[in-house]
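Remarks on the overall topology
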Amino acid sequence: MQAIARPLARVAPKHVRYTGSLSAWSAVPAGPPDPILGVTEAFKADKDPRKINLGVGAYRDENGKPYVLNAVKKAEEILVQQNPDKEYLPITGLPEFTQAAAKLAYGADSAPLLSNSVAATQSISGTGALRIGGAFLGRFYPHSKAIYIPSPSWGNHTPIFRDSGLEVKNYRYFDKKTVGLDFEGLKEDLRNMPEKSLVLLHACAHNPTGVDPTPEQWKEISDIVKEKSLFPFFDMAYQGFASGSTNHDAFAVRHFVSQGHQIALAQSFAKNMGLYGERVGAFSLVTSDPEERARVDSQLKIVIRPMYSNPPLHGARIAATILRNQDLYSLWESEVKHMAGRIIDMRHRLHDNLVNLKTPGDWQHITRQIGMFSFTGLTQPQTKALAEKAHIYMTADGRISMAGLNSGNIDYFSESVSKAVKGEL
């Protein structure tokens with residue numbers, strides 16, 4: 001039987017092949033723009049020489065330039081001389097780094113550290129630490145799959161924990177009327193949480209408000225957390241960068257541990273070592289004994305392995321070299337104190353300028369707040385006017401990065417804010 005000839009399929013040229021057909025991604029909606037990125041883009045497009053960008057959460061020196069710490073430079077010189085390899089790290093990272101990071105956070109005399117009961121892993125900065133923690137708690141914390149975060153909180157907290165499979169809820173933290181801590185509201189909300197709930201706490205330099213509890217208030221918070229059997233997850237992204245003292249900024253973490261809390265802790269070395277792009281962080285959990293720590297550690301590896309296999313090497317080596325070398329550690333502590341001190345000086349100068357300019361309102365919150373950020377209390381129309389008429393860029397809620405202010409722009413900024421508040425801009 002003769003085969004029936006079939007017509008050849010007509011193959012469209014590549015440039016017209018998919019014309020008229022739907023793309024696989026045609027239903028993907030556009031995501032909302034990142035508020036910080038939008039501020040930066042507007043700043044870059046502005047040609048005015050007076051322009052100021054107060055949206056970026058990164059330290060700038062007195063000249064408004066990025067700052068590489070001398071301790072970091074010296075550590076890199078040591079590493080070059082050692083000529084290390086570029087092999088993969090273990091899943092939980094560089095042991096010398098994780099041990100030193102845990103010691104920095106918990107303190108050399110920490111009972112769980114001394115008993116080898118802290119499970120620690122290197123992470124991709126603080127964001128990665130939070131993501132590992134969220135995933136681990138979502139998988140293994142037996143009592144709750146909801147985590148309470150302060151209102152407001154760092155914008156990335158909600159998506160990190162939501163994508164970890166946790167339900168995200170809020171507790172009161174910031175009082176807009178006083179531009180300070182709503183301590184009574186915070187305590188009431190903690191007491192009203194279901195027992196054994198997960199609760200996120202900013203260890204120091206609360207982002208975005210710059211409002212921290214006092215040591216005495218932290219003690220009260222600890223008592224309520226214990227009374228309600230809540231599980232505290234600390235985010236410590238600014239140790240040393242807030243007050244200038246690594247010990248002072250670790251007070252909350254160390255007090256909670258001393259009171260018997262089994263905490264989770266996320267650490268970042270982006271701000272306090274200026275290792276932003278190196279992505280250096282750590283996640284740790286306090287366990288009951290070395291045997292439990294080993295089991296937790298084994299499961300942390302299982303969480304991490306499909307995420308990114310193992311963490312970056314270079315930044316961890318820098319941080320470990322600084323933390324383990326006494327001369328570099330002392331140099332680093334002095335530089336952290338300098339960075340924090342410059343920001344504190346800017347706070348006082350801004351406050352004094354606004355008062356001297358007879359700016360309406362009480363501006364004491366500027367000096368009461370701490371760390372890189374300040375909630376100024378400026379309204380959305382005022383921040384809009386500052387951007388459009390004074391070329392000063394910040395997020396719409398009035399949050400500013402204090403590190404963006406220096407002796408060259410603080411007076412112009414103060415005068416512009418005063419005019420905006422008075423309606424004269």
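Residues numbered from 1 in each chain as written. Predicted model: local features only at pLDDT ≥ 70, side-chain atom pairs only at ≥ 80, totals over all residues. Heavy atoms only, no water.

**Description of unusual backbone geometry**
A cis amide bond links Ser151 to the next residue, Pro152, at an omega of 0°. By the element assignment, Pro152 lies in the loop between strand E3 (146-151) and helix H6 (157-163). For the bond running from Asn207 to Pro208, omega is 25°, close enough to zero to count as cis. Notably, Val179 is not glycine yet its phi reads approximately 50°, a positive angle. Mapping Val179 onto the fold places it in the loop between strand E5 (174-175) and strand E6 (180-181). Residue Val179 is classed as buried on the basis of its relative accessible area of 13%. The residue Arg279 is not glycine, and still its phi comes out positive at about 55°. Relative to the assigned elements, Arg279 resides in the loop between strand E9 (264-268) and strand E10 (280-286). (Helix = DSSP H or I, 4+ residues; strand = E, 2+ residues; numbered from the N terminus. Buried < 20%, exposed > 50% of the residue type's maximum accessible area, 1.4 Å probe, protein only.)

**Notes on the layout of surface pockets**
One water molecule sets the probe size; rolling that probe over the atoms shows where empty space is left. What the largest pocket holds in volume is close to 950 Å³. In this structure, the largest pocket is lined by 39 residues; those nearest its centre are Trp154, Gly155, Asn156, Asn207 and Arg399. Of all the secondary structure elements, the ones that give two or more residues to the lining of the largest pocket are helix H1 (35-45), helix H5 (125-140) and strand E11 (373-375). Tallying contributions element by element places H5 first for the lining of the largest pocket, with four residues. The residue makeup of the lining of the largest pocket, split by class, is 19 nonpolar, 14 polar and six charged. Approximately 400 Å³ is the volume found for the second largest pocket. Surrounding the second largest pocket, 23 residues form its lining, Val211, Asp212, Pro213, Thr214 and Arg368 being those nearest its centre. When residues of the lining of the second largest pocket are traced back to their parent elements, those giving at least two are E6, helix H8 (215-227), helix H9 (246-249), helix H10 (251-258) and helix H14 (365-368). Per-element accounting of the lining of the second largest pocket gives the leading share, three residues, to H8. Here the residues of the lining of the second largest pocket are counted per class, giving 12 nonpolar, eight polar and three charged. (1 Å grid on protein atoms, 1.4 Å probe; cavity = no way out; pocket = protein on both sides within 12 Å on 5 of 7 lines; lining within 4 Å. Points joined across faces, edges and corners; volume = space filled by probe spheres on them. Nonpolar A, V, L, I, M, F, W, Y, C, P; charged D, E, K, R; others polar.)

**Remarks on H8**
With 13 residues, H8 extends 18 Å between its outermost C-alpha atoms, agreeing within 8% with the 18 Å of an ideal straight helix rising 1.5 Å per residue. Turning to H8, its buried residues number three or more, namely Gln217, Trp218, Ile221, Ser222, Ile224 and Val225. Across the axial projection of H8, the buried residues extend over an arc of 165°, all falling on one side. Set apart from the buried face of H8 by more than 90 degrees, the exposed residues are Glu216 and Glu227. (Expected span 1.5 Å × (residues − 1). Arc of directions from axis to C-beta.)

**Details of the pattern of salt bridges**
This structure, assessed with the given rule, holds 13 salt bridges. For the salt bridge of Arg172 with Glu188, the shortest nitrogen-to-oxygen distance reads 3.2 Å. With Arg172 in strand E4 (residues 167-172) and Glu188 in helix H7 (residues 183-192), this pair connects stretches of sequence that are 16 residues apart. On the basis of relative accessible area, Arg172 is assigned to the partly exposed category, the value being 36%. Residue class for Glu188 comes out partly exposed when judged on its relative accessible area of 42%. It is possible to trace a salt-bridge network through shared partners that takes in Arg172, Glu188 and Asp189. (Salt bridge = Lys/Arg side-chain N within 4 Å of Asp/Glu carboxyl O.)

**Describing the confidence of the model for the protein chain**
Averaged over every residue, the pLDDT of the protein chain is 93; residues scoring 70 or more account for 95%. Predicted confidence for residues 1-9 stays below pLDDT 50, and this span has zero contacts to residues more than four positions away or in other chains. (pLDDT = per-residue confidence, 0-100. Contact = heavy atoms within 4.5 Å.)

**A look at empty space enclosed by the protein**
In the structure shown here, the tally under the stated rule is one cavity of 30 Å³ or more. Of the voids in this model, the largest cavity is the one considered here, and its volume is about 50 Å³. Residue lining of the largest cavity: Pro150, Tyr171, Tyr173, Leu186, Leu201, His202, Pro213, Trp218 and Ile221, and that is the complete set. Those elements that place two or more of their residues in the lining of the largest cavity are strand E7 (198-202) and H8. Residue classes in the lining of the largest cavity are distributed as eight nonpolar, one polar and no charged.

**Re the packing of helix H13 (residues 326-356) against helix H16 (residues 410-422)**
Viewed as axis vectors pointing N to C, H13 and H16 meet at an angle of 45°, and their least axial separation amounts to 9 Å. For the element pair H13 / H16, the angle class is oblique. Helix-helix and strand crossings are classified by hand; for H13 and H16 the assignment is right-handed. Note on element contacts: H16 touches H13 through Ile410, Asp411, Phe413, Ser414, Val417 and Ser418, opposite Met346, Arg349, Leu350, Asn353 and Leu354. The class makeup of the residues in the contact of H13 with H16 is six nonpolar, three polar and two charged. (Axes fitted to C-alpha atoms, helices over the stretch in contact; angles between N-to-C directions. Parallel < 35°, antiparallel > 145°, perpendicular 65-115°, else oblique. Left-handed = near helix turned anticlockwise from the far one by under 90°.)

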